[in-house]
Amino acid sequence: MSRLVRGFGSITLLLLAFGARADTVANWADTTTEIATDGPNTLRTMALAQTAVYEAVNAITARYPRDRVALGPSQGASIDAAIAAASRTVLLHEAPTLKVRTETAYARALAPIEAGDARTRGISIGERAAADALAKHSGDIGNTEPYRPLTSPGVYVPTTFPLGYAFAQHRPWFMKNAAQFRPGPPPALTSALWARDYNEIKLVGSATSTVRTPEQNAIAQFWATALPNVHMGVVHSVAIAQGREVTRNARLYAAVTAALNDAEIAVLEAKYHYNFWRPITAIRNGDRDDNPATERDPDWTPLIATPLHPEYPCAHCVIASTIATVIRAEVGREPLPILISTSNTAPGVSRQWTRTEDVVTEVSEARILDGVHFRNSTEVGNRMGAQVGALVAAAYGLR
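Residues numbered from 1 in each chain as written. Predicted model: local features only at pLDDT ≥ 70, side-chain atom pairs only at ≥ 80, totals over all residues. Heavy atoms only, no water.

Visitor: Describe in detail the state of the cysteines, supporting the description with residues and values.
Guide: If you walk through the whole model with that rule in mind, you get 1 disulfide. In this model, Cys314 is linked to Cys317 through a disulfide, with the two sulfur atoms separated by 2.3 Å. Disulfide Cys314-Cys317: torsion about the S-S bond near 75°, hence right-handed. For the residue pair Cys314 and Cys317, the accessibility class agrees, reading buried in each case. (Disulfide = S-S within 2.5 Å. Buried < 20%, exposed > 50% of the residue type's maximum accessible area, 1.4 Å probe, protein only.)

Shown next as structure tokens:
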């Protein structure tokens, strides 16, 4: 084991000879995301796991101030074992039905780590970090599904519940409350802004649109996914860049996932507060909005299936903007690597960007092209994401 000592006013960083690599964090984050996606409360599980990973890694390296949690003696612990144990402990707690997948990934991760005190200490500190994260956030979740369908006694309404209502009731981690960044209301239906957005999406977001270009079709299909993997691919691109250090990566993922947890709560709270109609509902009822510039189309359908929650604001946009804001704060003036991601709704395709702003813009355009979000909703979502991302980035001391 070698020791690197920085100059006056800096910290002592332990460089452990136990195989720890910066991309270990990224690889386990990918694994956690994949497993958590099939369990309940995906974003919360991701945030819990990455919080635990960061605290465990930082307890060993002491790269950043350790005022969040005291995990006890950590000298000589294996970082790789700590990352695996922290991730495993959270996944087993949050997604117990996926135990086989979690244990398989854990066994695979421990296999190349030599048995001995370093591995044992790493496992112990990872488990302690996970236990601390789980204990601190044990009261976050509200009722399982408190949504109450609106109807009159005896009158049928669709029996498929909308998604995300319960998550909107969760307690945020860094926001003061779920409504802290709630935006103002969507545009009045009699306004010129509403007519602009209505007619734009009616033209470009239709399943049978003749004005959407092949490239626009490709963008729309790529961002049609509802899984978080497509967004986390952008974070992975930063984490695997040359020269990254393991604790820095752990902090990046902790900040991103914590911000996403709060961003999802914020956007869903706003969605159900305003309960604004989706394009398919609006366009098929275009004769009922008291706007002479919006003509009804009784046969209109969007390019993709409409998500089962209210329209305003755009959640994909909030997520993309949140991640972009955290990344910009973390990278600072350093060169940004090429950002690459893939999507389950566009198999075999990868897309690349040179700026985080380009990702945010593309996501916004995609949701309009998909026929599920109005332009104003994407713009509002981008501003919300920037607010949440900045709040959490500052809490983690990102520059």
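That was the structure; now back to the text.
Visitor: Could you give an account of the packing of helix α8 (residues 229-239) against helix α9 (residues 246-274), naming the residues involved and the relevant values?
Guide: For any two helices packed against each other, the geometry is given by the interaxial angle and the distance between the axes. Between α8 and α9, whose axes approach to 10 Å, the crossing angle comes to 165°. By the angle between their directions, the pair α8 and α9 is classed as roughly antiparallel. Every pair of crossing elements has a handedness; the one defined by α8 and α9 is right-handed. Here Met232, Val235, His236, Val238 and Ala239 of α8 lie close against α9, whose contacting residues are Asn249, Leu252, Tyr253, Val256, Thr257 and Leu260. In terms of residue class, the contact of α8 with α9 is built from 8 nonpolar, 3 polar and no charged. (Axes fitted to C-alpha atoms, helices over the stretch in contact; angles between N-to-C directions. Helix = DSSP H or I, 4+ residues; strand = E, 2+ residues; numbered from the N terminus. Parallel < 35°, antiparallel > 145°, perpendicular 65-115°, else oblique. Left-handed = near helix turned anticlockwise from the far one by under 90°. Contact = heavy atoms within 4.5 Å. Nonpolar A, V, L, I, M, F, W, Y, C, P; charged D, E, K, R; others polar.)

Visitor: Could you give me a rundown of the pattern of salt bridges, with the residues and numbers involved?
Guide: For the structure on display, the rule yields 18 salt bridges. Linking Glu269 and Arg182 is a salt bridge whose minimum nitrogen-to-oxygen distance equals 2.5 Å. Linking Glu269 in helix α9 with Arg182 in the loop between α5 (117-136) and α6 (192-204), this pair joins segments that are 87 residues apart in sequence. Owing to a relative accessible area of 14%, Glu269 belongs among the buried residues under this scheme. In this structure Arg182 comes out as partly exposed when scored by relative accessible area, which is 31%. Taking the shortest distance from any N to any O, the salt bridge between Asp197 and Arg196 comes out at 2.7 Å. Look at Asp197 and you get buried, because its relative accessible area is 2%. Put simply, Arg44, Glu94, Asp140 and Arg171 are held in one network by salt bridges that share partners. (Salt bridge = Lys/Arg side-chain N within 4 Å of Asp/Glu carboxyl O.)

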